[in-house]
Amino acid sequence: MKLQNDLILRAAKGEDIERYPVWLMRQAGRILPEYRAVRESVNGFKELVETPTLAAEVTIQPVDILGVDAAIIFSDILVVPEAMNIPYQMVEKRGPWFEHTIRSEEEARRLEFDFDVNDRLGYVLEAIRLTVKQLSGRVPVIGFAGAPWTILCYIVEGHGSKTFSEARKLLYTNPGLAHRLLQHITDVTIAYLKAQVKAGASMIQIFDSWAGILGTGQYATFSIPYLSQIASAINDVPVTLFSKGAITSVPALAKLDCNTIGFDWNMDIPALRPVIGNSRTIQGNLDPCALYGSHQSIETETIKMLNSFGGNQRHIVNLGHGVYPDVDPEKVKTFIKTVKSYEIK
């Protein structure tokens, strides 16, 4: 299907663009009253994720309401461990919770990884197909998955954490098991992402949400090799790697076979552009809290960020992390309008 708006794909590939494309992580979610209405019609978050018609509906909402240049499929990174026989629950106001954790060789036997992703994750693939059909080429659909290290954090820890000390402990006490788990997650993730592309995703993003809790050396050992496998395996569509907090690992990320590297709000674009070079696109990176400011301050901060690009066209505009749930959608519209009005010089 021919896309009417392919700005984000051209920016990712380093092709000419007439303006910077813009979208937001977590754009399909709680900031929109329309999303909350759909969410209240089901029993829980997981039911919404696992119902393709509803997942497609909330995926498209930000395109209609906010005017973003891409739709990211409404799902969760934890569908992958669930498919591997490690089910999770999404507890209101607490986040993900796993009844069973994987901290030993014996517990690792619970894992299943030799299965058809079209069977166990077919609901996500169907949501992508429905979204693509309903968008009719208006904007591309972004598929995604969690990075192996981030998935490992959750299945070892069992829940969210500020330190993920149990996951990090495993790297010291049983690194062999850690690597085997990471490889299994990587293999499933590659198959899953390839299926997303086949279902119609025009772009892929890998979220390494807990990259920043590892030191440079450990990240080079326990994340970079697996990100490399995924980036090299997905070669039909542009790939974005978002490693939150991994500032010292940007040089290593820049060597991987990806199109775009996502920056969080603590990463300085002018300082790191020479490290990235001009063969990679940078995505980001306005502080999500900037959207709590006045409309005038949002416009000022957004223009300041856009000016920091120095006229380089290899940029996709986003926040430095997901939009926070209590942000006023009208403030988000100001951010998007400012980006769309900005003239690349």
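So, a few notes on the structure that sits alongside this text.

### Let's talk about the overall build of the chain
In step 1: For the chain, the helix and strand inventory stands at 17 helices and 9 strands.
In step 2: In terms of overall dimensions, the chain is globule-like: its C-alpha atoms have a radius of gyration of 19 Å, near the 20 Å expected for 345 residues.
In step 3: Relative to its full complement of 345 residues, the chain shows a buried share of 59%.
In step 4: Expressed as a percentage of contacts within the chain between residues at least 6 apart in sequence, the contacts between residues at least 24 apart total 73%.
In step 5: Counting every atom, the chain has about 14200 Å² of accessible surface; 48% of that belongs to carbon and sulfur.
In step 6: Here the chain holds 35 positive side-chain charges and 38 negative ones, and the gap between their average locations is 3 Å.

### Some thoughts on the pattern of salt bridges
In step 1: The full count for this structure, using the stated rule, is 12 salt bridges.
In step 2: Across the pair Lys 46 and Glu 82 runs a salt bridge, and its minimum N-O distance is 2.6 Å. Pair noted here: Lys 46 is in helix H3 (residues 45-49) and Glu 82 is in helix H5 (residues 79-83), with a separation of 36 residues, a long-range link. Here Lys 46 matches Glu 82 in class, with each residue buried.
In step 3: Between Lys 333 and Glu 330 there is a salt bridge; the shortest N-O distance is 3.2 Å. With Lys 333 and Glu 330 both in helix H17 (residues 329-341), this residue pair falls 3 residues apart, about one helical turn.
In step 4: Judged by its relative accessible area of 30%, Lys 333 is partly exposed.
In step 5: Judged by relative accessible area, Glu 330 falls into the partly exposed class, the value being 41%.
In step 6: One salt-bridge network, in which partners are shared between bridges, spans Asp 6, Arg 10 and Glu 18.

### Side note on the environment of Ile 190
In step 1: Mapped onto the elements of the fold, Ile 190 is located in helix H11 (residues 175-199).
In step 2: With 126 residues separating them in the primary sequence, Ile 190 and Asp 64 have C-alpha atoms 31 Å apart.
In step 3: Contacts of Ile 190, omitting those with residues within four sequence positions, involve Gln 229, Ile 230, Ala 233 and Ile 234.

### Some thoughts on the packing of helix H9 (residues 148-157) against helix H10 (residues 165-173)
In step 1: Two elements in contact, H9 and H10, have axes whose closest approach is 7 Å; the angle formed by their N-to-C orientations is 105 degrees. In terms of their interaxial angle, H9 and H10 are classed as roughly perpendicular. Note on element contacts: H10 touches H9 through Ser 165, Glu 166, Ala 167, Arg 168, Leu 170 and Leu 171, opposite Trp 149, Leu 152, Cys 153, Val 156 and Glu 157.
In step 2: When its residues are assigned to classes, the contact of H9 with H10 shows 7 nonpolar, 1 polar and 3 charged.

Conventions we followed
- Residues numbered from 1 in each chain as written.
- Predicted model: local features only at pLDDT ≥ 70, side-chain atom pairs only at ≥ 80, totals over all residues.
- Heavy atoms only, no water.
- Helix = DSSP H or I, 4+ residues; strand = E, 2+ residues; numbered from the N terminus.
- Rg over C-alpha atoms; globule rule 2.2 N^0.38 Å.
- Buried < 20%, exposed > 50% of the residue type's maximum accessible area, 1.4 Å probe, protein only.
- Contact = heavy atoms within 4.5 Å.
- Areas by Shrake-Rupley, 256 points an atom, 1.4 Å probe, with all protein chains shown as cover.
- Lys, Arg positive; Asp, Glu negative; His and termini not counted.
- Charge placed at Lys NZ, Arg CZ, Asp CG, Glu CD.
- Salt bridge = Lys/Arg side-chain N within 4 Å of Asp/Glu carboxyl O.
- Axes fitted to C-alpha atoms, helices over the stretch in contact; angles between N-to-C directions.
- Parallel < 35°, antiparallel > 145°, perpendicular 65-115°, else oblique.
- Nonpolar A, V, L, I, M, F, W, Y, C, P; charged D, E, K, R; others polar.

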